[in-house]
Every structure is written in C-alpha cells, then in structure tokens.
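Architecture and fold: a report
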Amino acid sequence: MNETGIFHWFGYILPFEERIKLIKEAGYDYVMLWWEDETYPTYINRKKLRNIVYSYDLKLDNVHLPFDDINLLWNEDENKREIHTNKIIKWLYECKNSGVDTVVMHNTQGNNIELNYTAGYKSFENIVKVAEDIKIKVAFENTQMFHYTDFILNEFKSNYIGFCYDSSHDFVNGQSNGDILDKWKDILLCVHLSDNDGLCDRHWIPGTGHVNWQKIINIIKETKCKSFSMETYPFEEDKKLLPLDFLIKARNNLISLI
C-alpha cells in the first residue's frame, strides 16, 4: 500500500492535538505542518508541533513556510529584499533545529505580475546556500506563476533543492496540467494533492473535480516521493460530515486513485 498524508489543517476548527489524533485514527501515515504557532484554543509554540505529530506515531512529510509578502524576494529595493530573505533564513534555522528535514516554499504570490529575475536570483542564492550549509531540503512549489518556479529550479542545482507539486494549482486555467510535474519529477520531494473545477483552487477531495489523476498519479509513481499527501478541505455536502468521517472519505478517495 502506498503511504498517505494530509495537511494538519483540514477544514475543522479543533485543537491541534485533536486533529493529529483524528489523522492517525483515519489511517494516514504522514502529516504536513504550517510553520506558525498554534493560538486557538491554546497556545502551542511551532517548535513543539513536530513532537506532537511523532507522539501519535505519525511521520512528518514537510513543513510549509508562510508566504505573506513573498514577492519581496524579487524586489529591486535591496533592503526590502534582504529583510524578507533573512526572515526565510530564520525559519530554515528554526525548522532544522526542531528536527524538520524538508520545508516547502511558495516563491511568488498572485498572477500576471512582472518580477525582477536578477533581484530574485540574489535572494534565492542566499536561501539555497543556507539550505546547503545546515542540510535542510527546500521544495519550491508551483504557484499561479509557475514559470518563476521553473526559473529557480533551472538556476539552482543542489541536493537540498527540489520540487513540491500542487495538483490544484496546476489545473487552474492557464497552468501546465501536469507538464511541470513531469518536467521536475526527478527532484520531486513532496506533493499537495487536491481537486478543483478548473476555475479556482478549491482544495476538493481528489477524484471529485477537473484534475487528470491518471496522468498525475502515474508520474508520481515514477518518483521517490515518500507520500501521497493531500491539502484538502470539506466542500458542500462534505461539510455535514464529522471530522473523522471526512478524513476517512478523503483517504479512501485517494487510495482508489493510487
């Protein structure tokens, strides 16, 4: 059986540890985390989240870094660019010191925006150097402007740099419909699997929308990706399901595809 995972936030407002417990009960092998402190209903420092995951005999797939203001990495203003680059580097050190081996990064935010490649190169050169120095893997995710992901992966060749494939991002109008996954399958580190209607990033359960799953799954099976991991939330009738029932339904759908 191929191993499965899911993002720790799956659409239900519950304490972090309760969500992790339900993920385990639903039969998943891996969890994906967001690098941010939990604040509701009780505060949990982000550096403790991995330990809670491990306490339920689950494995950590990756940690997603925040992407607010990520376009500053391409900014022509050197001071603004360095401030945000240093923030990313700080998170890399925090993750490494917390026992995390793989992080995921968005490299752009928005669509149809012209960014400065020369400035961006300088930012990512620094990020890649730190990743190599501290030996943490950074997976760059395909976002709406996936040509910038192409640029980074073309420019930086390293054992600590790879690709995170998001199926929903890739099957919104104008994206590559699986071609970017095939292009970078040799350095695929992780996946965010979900479905949509071809119009927006809906985060539907795989198999319920527009994504060409036969193509995607067949490519992923050619790679060394450790888990078929989902980033999915309840939609319409699924909102009536109890959290555990939603998790089981999502996993069963995914297993039927793989």
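Attention here is on the structure that accompanies the text. Predicted model, so just to flag it, every value in this text is computed and none were measured.

Cut-off values and rules
Residues numbered from 1 in each chain as written. Predicted model: local features only at pLDDT ≥ 70, side-chain atom pairs only at ≥ 80, totals over all residues. Heavy atoms only, no water. Helix = DSSP H or I, 4+ residues; strand = E, 2+ residues; numbered from the N terminus. Rg over C-alpha atoms; globule rule 2.2 N^0.38 Å. Buried < 20%, exposed > 50% of the residue type's maximum accessible area, 1.4 Å probe, protein only. Contact = heavy atoms within 4.5 Å. Areas by Shrake-Rupley, 256 points an atom, 1.4 Å probe, with all protein chains shown as cover. Lys, Arg positive; Asp, Glu negative; His and termini not counted. Charge placed at Lys NZ, Arg CZ, Asp CG, Glu CD. Pairing = 2+ DSSP bridges. Axes fitted to C-alpha atoms, helices over the stretch in contact; angles between N-to-C directions. Phe/Tyr/Trp six-rings, centres within 6.5 Å; stacked < 30°, edge-to-face > 60°. Lys NZ or Arg CZ within 6 Å of the ring centre and 35° of its normal.

As for the overall build of the protein chain
- A tally of regular secondary structure across the protein chain gives nine helices and eight strands.
- Relative to its length of 258 residues, the protein chain is compact, with a C-alpha radius of gyration of 18 Å against a globular reference of 18 Å.
- Its C-alpha atoms give the protein chain principal-axis dimensions of about 50 × 40 × 30 Å.
- Split into buried and exposed, the 258 residues of the protein chain put 53% on the buried side.
- Of all intrachain contacts in the protein chain linking residues separated by at least 6 positions in sequence, the fraction that spans at least 24 positions is 74%.
- Taken as a whole, the protein chain presents about 11800 Å² of accessible surface, with 47% of it coming from carbon and sulfur.
- With 29 positive and 39 negative side-chain charges, the protein chain shows a separation of 5 Å between the mean positions of the two kinds.

Brief notes about the environment of Glu125
- Relative to the helices and strands, Glu125 resides in helix H4 (residues 117-134).
- Residue classification places Glu125 among the partly exposed positions, given a relative accessible area of 39%.
- Here the alpha-carbon distance between Glu125 and Asn196, two residues 71 residues apart in the chain, equals 34 Å.

Here we look at the sheet that holds strand S3 (residues 59-64)
- On the basis of which strands lie adjacent, the open sheet formed by eight strands has the order S7-S6-S5-S4-S3-S2-S1-S8 and parallel pairing. The outermost strands of the open sheet, each flanked by one partner alone, are strand S7 (188-192) and strand S8 (228-230). Ignoring which end each strand starts from, the neighbouring axes of this sheet average 25 degrees apart.
- In this sheet, strand S4 (residues 102-106) lies alongside S3 in parallel orientation, the contact comprising two bridges. For His64, the partnering residue across the bridge sits in S4 and is Val104.
- Taken strand by strand, helix H1 (residues 16-25) contacts strand S1 (4-7) and strand S2 (30-34), and its axis lies near 155 degrees from that of S2.

A short note on the packing of aromatic side chains
- Within this structure, the stated rule accounts for 13 aromatic pairs.
- Arranged with centres 5.9 Å apart and planes meeting at 50 degrees, the rings of Tyr12 and Phe246 form a pair that is tilted. Separated by 234 residues along the polypeptide, Tyr12 in the loop between S1 and H1 and Phe246 in helix H9 (residues 243-257) bring together distant segments of the chain. With respect to class, Tyr12 is no different from Phe246; both count as buried.
- With centroids separated by 4.9 Å and ring planes inclined at 40 degrees, the aromatic side chains of Trp204 and Phe235 adopt a geometry described as tilted. Of this pair, Trp204 sits in the loop between S7 and helix H8 (213-220) while Phe235 sits in the loop between S8 and H9, and the two are 31 residues apart along the sequence.
- With relative accessibility at 30%, the residue Phe235 sits in the partly exposed group.
- Feature note: the residues Trp74, Tyr117, Phe124, Phe140, Tyr148 and Phe151 constitute an aromatic cluster, connected by ring pairs.
- The ring of Tyr54 has Arg50 lying over it, and the distance from NZ or CZ to the ring centre is 4.2 Å.

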